[in-house]
Amino acid sequence: MLKTSIKSLALLAALFGTGELMAQNCNTTAWGVNLAAGQAVSGSPTAGAPTAGVSRYSGRCGLRSNAPADFVRDGSPNDEPTYITRFYVRPNVTTGTAVLFQALEDGQGTPSIQVTQTGNQLGLSARGVAAATNLTISPGFWYSVELNWAAGGAMTYAVRGAGVATNLTGSLSGVAAGAQVDQANLGWISGGSGGTVTTDAFESRRTQAIGRLCRGDANNDGGVSGPDVIQARTESLGGALALGQPDCNEDGGVSGPDVICIRNLSLGAGCAG
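Residues numbered from 1 in each chain as written. Predicted model: local features only at pLDDT ≥ 70, side-chain atom pairs only at ≥ 80, totals over all residues. Heavy atoms only, no water.

> Describe the pattern of salt bridges, with residues and values.
Close approach of charged atoms allows side chains of opposite charge to pair. For the coordinates displayed, the defined rule picks out 6 salt bridges. Of the charged contacts in the structure, one is a salt bridge between Arg127 and Glu105, with a shortest N-O distance of 2.9 Å. Separated by 22 residues along the polypeptide, Arg127 in the loop between strand 8 (121-126) and strand 9 (129-130) and Glu105 in strand 6 (residues 97-105) bring together distant segments of the chain. Salt bridges sharing partners connect three or more residues here, namely Arg86, Glu203 and Arg205. (Salt bridge = Lys/Arg side-chain N within 4 Å of Asp/Glu carboxyl O. Helix = DSSP H or I, 4+ residues; strand = E, 2+ residues; numbered from the N terminus.)

> Mind laying out the pairing of strand 11 (residues 143-150), listing which residues take part and the relevant values?
Looking along a regular strand, one sees the side chains alternate between the two faces of the sheet. Counted residue by residue, strand 11 has 6 buried out of 8 residues, so it is predominantly covered. Here strand 5 (residues 82-95) pairs with strand 11 via 8 bridges, running antiparallel. Residue pairing for strand 11: Phe87 is matched across the bridge by Val145. With 6 bridges joining them, strand 11 and strand 12 (residues 155-161) adopt antiparallel strand pairing. Residue pairing for strand 12: Glu146 is matched across the bridge by Ala158. Between strand 11 and strand 12, which pair antiparallel in sequence order, lie 4 residues; one of them, Gly152, sits at a positive phi of approximately 85°. (Buried < 20%, exposed > 50% of the residue type's maximum accessible area, 1.4 Å probe, protein only. Pairing = 2+ DSSP bridges.)

> Tell me about the nonpolar core, and please be specific about residues and values.
Within the largest apolar cluster, 35 residues are counted, with the highest numbers of intra-cluster contacts made by Tyr83, Phe87, Phe101, Val115 and Leu147. Those elements that provide at least two residues to this core are strand 5, strand 6, strand 7 (110-118), strand 8, strand 11, strand 12, strand 14 (181-190) and strand 15 (193-205). Not counting residues up to four positions away in its chain, the partners in contact with Phe101 are Tyr83, Thr85, Phe87, Ile113, Gln114, Val115, Leu147, Ala184, Asn185, Leu186, Ile189 and Phe202. (Core = buried A, V, L, I, M, F, W, Y, C linked by side-chain atoms within 4.5 Å. Contact = heavy atoms within 4.5 Å.)

> If you had to explain the state of the cysteines to someone new, which residues and values would you point to?
Scanning all chains against the criterion turns up 2 disulfides. Two residues, Cys26 and Cys61, share a disulfide whose sulfurs are 1.7 Å apart. Judged by the sign of its S-S torsion, about -60°, the cystine formed by Cys26 and Cys61 is left-handed. On the criterion of sequence distance, the pair formed by Cys26 in the segment before strand 1 (41-42) and Cys61 in the loop between strand 2 (46-48) and strand 3 (62-65) is long-range, its members being 35 residues apart. Here Cys26 falls in the partly exposed class, since its relative accessible area comes to 30%. Taking the relative accessible area as the measure of exposure, Cys61 reaches 2% and is therefore buried. Disulfide pairing places Cys248 opposite Cys261 at an S-S distance of 2.1 Å. Taking the sign of the S-S torsion, -50° for the link of Cys248 and Cys261, the bridge is left-handed. With Cys248 in the loop between helix 1 (226-236) and helix 2 (256-266) and Cys261 in helix 2, this pair connects stretches of sequence that are 13 residues apart. (Disulfide = S-S within 2.5 Å.)

> How would you explain helix 1 if you had to name every residue and give the values?
Within helix 1 the residues assigned to the buried category are Asp228, Val229, Ala232 and Glu235. Projected down its long axis, helix 1 shows its buried positions confined to an angular sector of 130°, all on one face. Packing partners of the buried residues in helix 1 comprise helix 2. Phi for Gly238, located one or two positions after helix 1, is positive at around 95°. (Arc of directions from axis to C-beta.)

> Give me the lowdown on unusual backbone geometry, citing residues and values where you can.
For Gln208, which is not a glycine, the phi torsion comes out positive at approximately 70°. Mapped onto the secondary structure, Gln208 falls in the loop between strand 15 and helix 1. Judged by its relative accessible area of 52%, Gln208 falls in the exposed class. Despite not being glycine, Glu250 shows a phi value in the positive range, around 60°. In this fold, Glu250 is placed in the loop between helix 1 and helix 2. Residue Glu250 is classed as buried on the basis of its relative accessible area, which comes to 0%.

Now the structure itself:
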């Protein structure tokens with residue numbers, strides 16, 4: 001299996017290859033694999049930590065796009081007939097329709113996959129064929145978006161967020177045989193005005209579903225227990241940032257309600273996904 005596993009989007013970009021990549025500094029330097037110099041980043045997205053005013057879902061950094069054309073590019077896909085991705089997005093564009101994600105095919109700039117936000121609606125399309133209905137979201141909250149695309153077949157999707165342990169799932173037909181993914185763009189790509197788009201925890205693969213990170217796993221040990229409550233409480237009081245996923249209610253910050261949410265998970269269901 002060839003895959004990419006990126007803990008925090010702003011730390012490292014997707015590399016369509018083997019292994020797991022981690023880093024400690026908030027930057028976008030690893031984006032732009034297989035692209036010309038200067039093509040890794042469009043515009044001026046801000047890679048940073050909550051202490052610098054940038055929310056994150058996992059780890060210590062996120063990427064905030066402040067206007068259209070603020071996004072990052074991954075050129076590591078290479079004529080891929082299958083493309084599986086999972087990323088977290090906090091869409092909060094106030095006016096119009098903003099494009100948040102694109103997987104482009106065959107070097108022609110044709111979107112094989114596109115994700116958009118219009119108000120409280122998240123739109124999904126595969127090669128121009130849109131989902132029958134948009135997905136209702138709460139702007140300003142984190143959502144995981146999981147997409148499984150294959151040329152000549154249906155694209156399946158799963159979206160979950162806003163602290164609710166329910167998947168919005170479905171599939172789209174109409175993907176042309178022979179189409180191949182060559183590049184992925186993530187952030188505030190085009191359209192819309194006002195507000196921001198924040199992204200994190202991007203991962204892409206050729207095979208096997210990726211799945212969500214463990215919501216409430218503040219110390220990043222794979223489960224939810226007492227130490228996660230302590231880490232989230234420490235961060236909520238202005239202490240050290242947690243390494244895992246302390247934003248249990250997925251509202252873009254870590255505060256008292258997250259501590260309560262994590263405590264409740266630790267006493268019951270555990271990892272909420």
